[in-house]
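Each chain is listed here by its residues.
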Amino acid sequence: MSTTQTDKIEINKVATSKINEVDFENLSFGSVFTDHLLECDFKNGEWQKPVIKPYAPFLLDPSARVFHYGQAIFEGMKAYKDEDDSIWLFRPDENFRRFNSSAVRMAMPEVPEEVFMEGLNHLLKLDHEWIKKGLGNTLYIRPFLIATGQGVVANPSDDYKFMIILSPAKAYYSGEVKVLIAEHYSRAANGGIGAAKTAGNYAGQFYPTNLANKEGFQQIIWTDDATHTKLEEAGTMNVFFRINDTLFTAPVSERILDGVTRKSLIDMAKKEGINVEVRPVLVSEIIEAVKNGTLKEIFGAGTAAVVSPISGFSYRNEYFELPKIENSIASQLKDKLTNLQHKLTEDPFGWTVKVS
Ligand SMILES: *Cc1c(COP(=O)(O)O)cnc(C)c1O
């Protein structure tokens, strides 16, 4: 193992890469990780020097706060390689900002920009061979922060660990997605943690989603917790509705995560001359629109799947199938966004950032 020390970062490289053991044509999402990870500990009230080291399990005290009180946040980003072998990120500043606002909400220390961004750049350069060229090949980036302090007393930890792990990914097609509109369970509540990318938001969705799976639905469209009349998110994605030729999506709030894909699609659609209305979307208007034939599309938006079309939904035990349409807005926007991310087209928005 070779070690490089600078005053800013320590890099310990693996002796042999495991890249040749990986079948890049048959990757299941989020299951294979690259050779290295970035680690930076927070202790005695300070961030320590970040270290890049071989990907491996690590030890934690059984009383570490993350296991008991769920102080854990994360991000989801992607890196892309263009035809000239340059590596690109998509709006990484947005993820960095959101990471730290999640940290604040969970009473955790904010991660400095040098640790997050420079650490990520070093890590990507080191594991650059894991990013394959071509549309559909990406490297999924998972930064996370956990409370490592010992003791089961119910207050915030003093110690934390920040890490970034990387997972090569193929474009994934979710297949037919049928959804159930939530009438009882909620993902988020006013004054709660729905706008933070925190582990517990996901844990809380698993049980109601399992129940929906048993009824033949892949996901749940979450509604507002107080009245269950407004459509807010689709599973762990933001959600768009197309009525006639207008796209509708809810404004972000304490209950709705401020997705980077969501806001990029809004700007892109507007630039294409598509009418976009950001306002609360009511269950009743979607039911009316599906009944009178004006509801054309529903799709989820998020980094992992980019755009995920929904084929139908159930509300109060009634199932509504959406029409199958050629050249959907969902597929047009997905193509435009992925082409831009892979540097196959111009980026008039200045969203792509080169790793150097
Ligand atoms: C991560 C996430 C999204 C999508 O955000 P992107 O920045 O587009 O990846 C949407 N909703 C929830 C609840 C999420 O956790």
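These numbers come from a predicted model, not from an experiment. (Residues numbered from 1 in each chain as written. Predicted model: local features only at pLDDT ≥ 70, side-chain atom pairs only at ≥ 80, totals over all residues. Heavy atoms only, no water.)

1. Some points on the site of the ligand
- Contacts to the ligand come from 14 residues, most closely from Lys-197, Tyr-202, Glu-233, Thr-261 and Thr-303.
- Within the side chain of Arg-98, a nitrogen or oxygen atom sits 2.8 Å from an oxygen atom of the ligand.
- One of the side-chain nitrogen or oxygen atoms of Glu-233 is found 2.6 Å away from a nitrogen atom of the ligand.
- Computed on the free molecule, the ligand has an accessible area of 380 Å², of which 97% lies beneath the protein chains in the complex.
- Looking at the shell around the ligand, the elements with two or more residues in it are strand E14 (237-243) and helix H5 (260-271).
- For the shell around the ligand, the residue count by class is four nonpolar, six polar and four charged. (Near = heavy atom within 4 Å. Polar contact = N/O pair within 3.5 Å; in protein donor to acceptor, adjacent residues only side chain to side chain. Areas by Shrake-Rupley, 256 points an atom, 1.4 Å probe, with all protein chains shown as cover. Helix = DSSP H or I, 4+ residues; strand = E, 2+ residues; numbered from the N terminus. Nonpolar A, V, L, I, M, F, W, Y, C, P; charged D, E, K, R; others polar.)

2. Side note on the pattern of salt bridges
- Going through the model one piece at a time under the given rule, you end up with 20 salt bridges.
- With its nearest N and O atoms 2.7 Å apart, the salt bridge here joins Arg-242 to Glu-297. Separated by 55 residues along the polypeptide, Arg-242 in strand E14 and Glu-297 in strand E18 (residues 295-302) bring together distant segments of the chain. Across the pair, exposure class does not vary: Arg-242 and Glu-297 are buried alike.
- In the salt-bridge network here, residues are joined through shared partners; they are Arg-91, Glu-94, Arg-97, Asp-258 and Lys-263. (Salt bridge = Lys/Arg side-chain N within 4 Å of Asp/Glu carboxyl O. Buried < 20%, exposed > 50% of the residue type's maximum accessible area, 1.4 Å probe, protein only.)

3. Remarks on the packing of aromatic side chains
- Counted under the stated rule, the structure contains 16 aromatic pairs.
- Seen in terms of ring centroids, Phe-90 and Trp-351 are 5.7 Å apart; in terms of plane orientation they differ by 80°. Their pairing is edge-to-face. Here Trp-351 lies in the loop between helix H7 (329-341) and strand E22 (352-354) and Phe-90 lies in strand E8 (residues 87-90), a separation of 261 residues in the sequence. Of the two residues examined, Phe-90 and Trp-351, each falls in the buried class.
- In textbook terms, an aromatic cluster arises when at least three aromatic residues are bridged by ring pairs, as seen for Phe-96, Phe-99, Phe-116 and Phe-162. (Phe/Tyr/Trp six-rings, centres within 6.5 Å; stacked < 30°, edge-to-face > 60°.)

4. Comments concerning the domain arrangement of the protein
- Taken domain by domain, the protein comprises domain 1 (2-169) and domain 2 (177-341).
- Contact residues are listed per partner, giving 22 residues for domain 1 and 22 residues for domain 2.
- Contact between domain 1 and domain 2 buries roughly 1800 Å² in total, counting both sides, with carbon and sulfur atoms accounting for 59%.
- Looking only at domain 1, the three residues that lose the most surface to domain 2 are Phe-74, Phe-90 and Arg-98, adding up to 33% of its buried area.
- Across the domain 1-domain 2 interface, the total number found is one salt bridge.
- Close ionic contact of Lys-263 with Glu-94 constitutes a salt bridge, the shortest N to O distance being 3.0 Å.
- If you look at where domain 1 meets domain 2, you find 12 residue pairs in polar contact (both at pLDDT 80 or more). (Domains from an automatic or database assignment. Contact = heavy atoms within 4.5 Å. Buried area = accessible area lost by both parts, 1.4 Å probe.)

5. Section: the side chain of Ser-308
- Considering the arrangement of structural elements, one finds Ser-308 in strand E19 (residues 306-310).
- What makes Ser-308 buried here is its relative accessible area of 7%.
- Sequence-distant contacts of Ser-308, that is, excluding residues within four places in its chain, are made with Ser-174, Val-177, Met-237, Ile-298, Phe-299 and Gly-300.

6. A word on helix H4 (residues 199-214)
- Here H4 is 16 residues long and its end C-alpha atoms lie 24 Å apart, about the 22 Å a rise of 1.5 Å per residue gives.
- Taking the largest bend as the criterion, H4 deviates by roughly 30°, centred on Phe-206, and proline Pro-208 comes between one and four positions later.
- Among the residues making up H4, those that are buried are Asn-201, Gln-205, Pro-208, Thr-209 and Ala-212.
- As for H4, its buried residues are in contact with strand E11 (178-181) and strand E12 (219-223).
- Downstream of H4 by one or two residues, Gly-216 has phi in the positive range, about 95°. (Expected span 1.5 Å × (residues − 1). Bend = angle between axes of the 7 residues up to and from the residue.)

7. Comments concerning the side chain of Thr-338
- In this structure, Thr-338 sits in helix H7.
- Among the residues examined, Thr-338 registers a relative accessible area of 14% and is labelled buried.
- Among the polar contacts made by the side chain of Thr-338, one reaches the main-chain carbonyl oxygen of Lys-334 at a distance of 2.8 Å.
- A distance of 3.3 Å separates a polar side-chain atom of Thr-338 from the backbone oxygen of Asp-335.
- Discounting chain neighbours no more than four positions away, the residues touching Thr-338 are Leu-135 and Val-306.

8. Comments concerning the environment of Tyr-140
- Mapped onto the secondary structure, Tyr-140 falls in strand E9 (residues 137-147).
- When the C-alpha atoms of Tyr-140 and Pro-168 are compared, they prove to be 5.9 Å apart, with 28 residues separating the residues in sequence.
- Apart from the residues lying within four places of it in its own chain, the contact partners of Tyr-140 are Phe-29, Glu-75, Gly-76, Met-77, Lys-78, Ile-165, Leu-166, Ser-167 and Thr-303.
- Of note is the side chain of Tyr-140, whose polar atom sits 3.0 Å from the side chain of Arg-142.

9. Quick look at the pairing of strand E21 (residues 318-321)
- Taken together, the four bridges between strand E20 (residues 312-315) and E21 define a ladder with antiparallel strand orientation. Looking across to E21, one finds that Tyr-315 is bridged to Glu-318.
- Here E20 hands over to E21 after two residues, with Arg-316 in that stretch at a positive phi of 45°. (Pairing = 2+ DSSP bridges.)

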